[in-house]
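Architecture and fold: a report
Spelled out, the chains give:
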Amino acid sequence: SPSIGVFALQGDVREHLAVLTDLGVDAFGVRRPEELARCDALVLPGGESTTMYKLARTFELFEPLVDRIRTGMPTFGTCAGMIMLADRIEDGTEGQETLGGLDITVRRNAFGRQVDSFEGHIAFDGFEDPVHAVFIRAPWVEDLGEEVEALATVPAGPAAGRIVAVRQGSLMATSFHPEVGSDDRIHRYFVDLVKQS
Ligand code: GLN
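Residues numbered from 1 in each chain as written. Predicted model: local features only at pLDDT ≥ 70, side-chain atom pairs only at ≥ 80, totals over all residues.

The name recorded for the protein chain in an unreviewed UniProt entry is Pyridoxal 5'-phosphate synthase subunit PdxT, from Aeromicrobium chenweiae. Under the heading Subunit (unreviewed entry), UniProt records this for the protein chain: "In the presence of PdxS, forms a dodecamer of heterodimers. Only shows activity in the heterodimer." Under the Function (unreviewed entry) heading, UniProt states for the protein chain: "Catalyzes the hydrolysis of glutamine to glutamate and ammonia as part of the biosynthesis of pyridoxal 5'-phosphate. The resulting ammonia molecule is channeled to the active site of PdxS." (UniProt positions renumbered as here; feature names shortened; annotations may be inferred.)

Encoded structure:
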C-alpha cells in the first residue's frame, strides 16, 4: 500500500491521518524533509495557509515540497491546502507565497463573512451520490487553466457555479473538508489516483 504523508506543521492533520489509515494506507505526519522523502504522495490539510507557508519556510520544507510537487508527487490539498497548491492567489496576506503546482487562481476566504462556514450536498464528478461538503472560511477557484478539470461546483445560493474541487493530473484540491464526517469517497478517489501513478 502507498505511503501517504500529511503535512503536519499546522492544520487538521489527525482527521486526514484517520481517514487514510482506515483506507489501509501507510499514513504519517510530515514535519521534516526526511519524512517528505518517504512519501509516495502527500495531503495538505485545512488550516491557515499563511501560517502553513511561514512554518514550511521555517522548517525548511518549502523548497523540498515545491520540488516534489513539480516532479510529480500526487498531492491532495483541502481548503488551506488548496490555497497552498494554487499557482496564483487572490486576497492572500502580504508576502504570502504558495507551493503551486495547480494551474488555478484561488480566492482566499472567498465566501465572505456572512457565510463564513456552511455545509451542503454537492455533486462530485463520477460519484453517484452527492458529497456532504463542509466549508470553513473556504477559498474558491476563481480561474483555471486548460489542463485543470473542475470536479465540483456550488449548486445554489449566492456562490452558485463557483468551482470548489479540481484535478490536474495527479494533483487535486477541494475548497471543503472531506476529512470531516464519515464519507471517505474523496480520499478513496485520491488513493486510487496515487496507485495509478
Ligand atoms: N481561510 C483559511 C486560509 O486562508 C483556510 C481555511 C481552512 O482551511 N479551513 O488559509
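Picking up where we left off.
Under the local residue numbering, the UniProt record ascribes the feature "binding site: L-glutamine" (unreviewed entry) to Gly47, Glu48, Ser49, Arg108, Ile136 and Arg137. Considering the C-alpha atoms alone, the annotated residues occupy 91 residues of sequence yet fold into one spot, their largest mutual distance being 12.8 Å. Examined against the element boundaries, Arg108 turns out to sit in the loop between β6 (102–107) and β7 (117–122). Those residues within four positions of Arg108 in sequence are excluded, and the remaining contacts are Ser49, Ile83, Ile89, Glu90, Asp91, Gly92 and Pro139. Relative to the helices and strands, Ile136 is located in strand β8 (residues 131–136). A tally of 18 C-beta atoms within 10 Å means that Ile136 is categorised as partly exposed. The contact partners of Ile136, leaving out residues within four places of it in the chain, are Gly46, Cys79, Ser117 and His177. (Helix = DSSP H or I, 4+ residues; strand = E, 2+ residues; numbered from the N terminus. Contact = placed C-beta atoms within 7 Å. Buried ≥ 20, exposed ≤ 12 C-beta atoms within 10 Å, placed from the backbone.)

Take the UniProt feature "active site" (unreviewed entry) in the protein chain next. Per the UniProt entry, the sites bearing "active site" (unreviewed entry) are Cys79, His177 and Glu179 in this numbering. Across 101 residues, the annotated set stays spatially compact, with a maximum C-alpha separation of 10.9 Å. Note that Cys79 resides in the loop between β4 (75–78) and α5 (80–85). The class of Cys79 is buried, set by 29 C-beta atoms lying within 10 Å. Excluding residues that lie within four positions of it along the chain, Cys79 makes contacts with Gly46, Ile136, Ala138, Pro139, Ser175, Phe176 and His177. Considering the arrangement of structural elements, one finds His177 in the loop between β12 (171–174) and α6 (185–196). Beyond its immediate chain neighbours, meaning those up to four positions away, His177 contacts Gly46, Thr78, Cys79, Val134 and Ile136.

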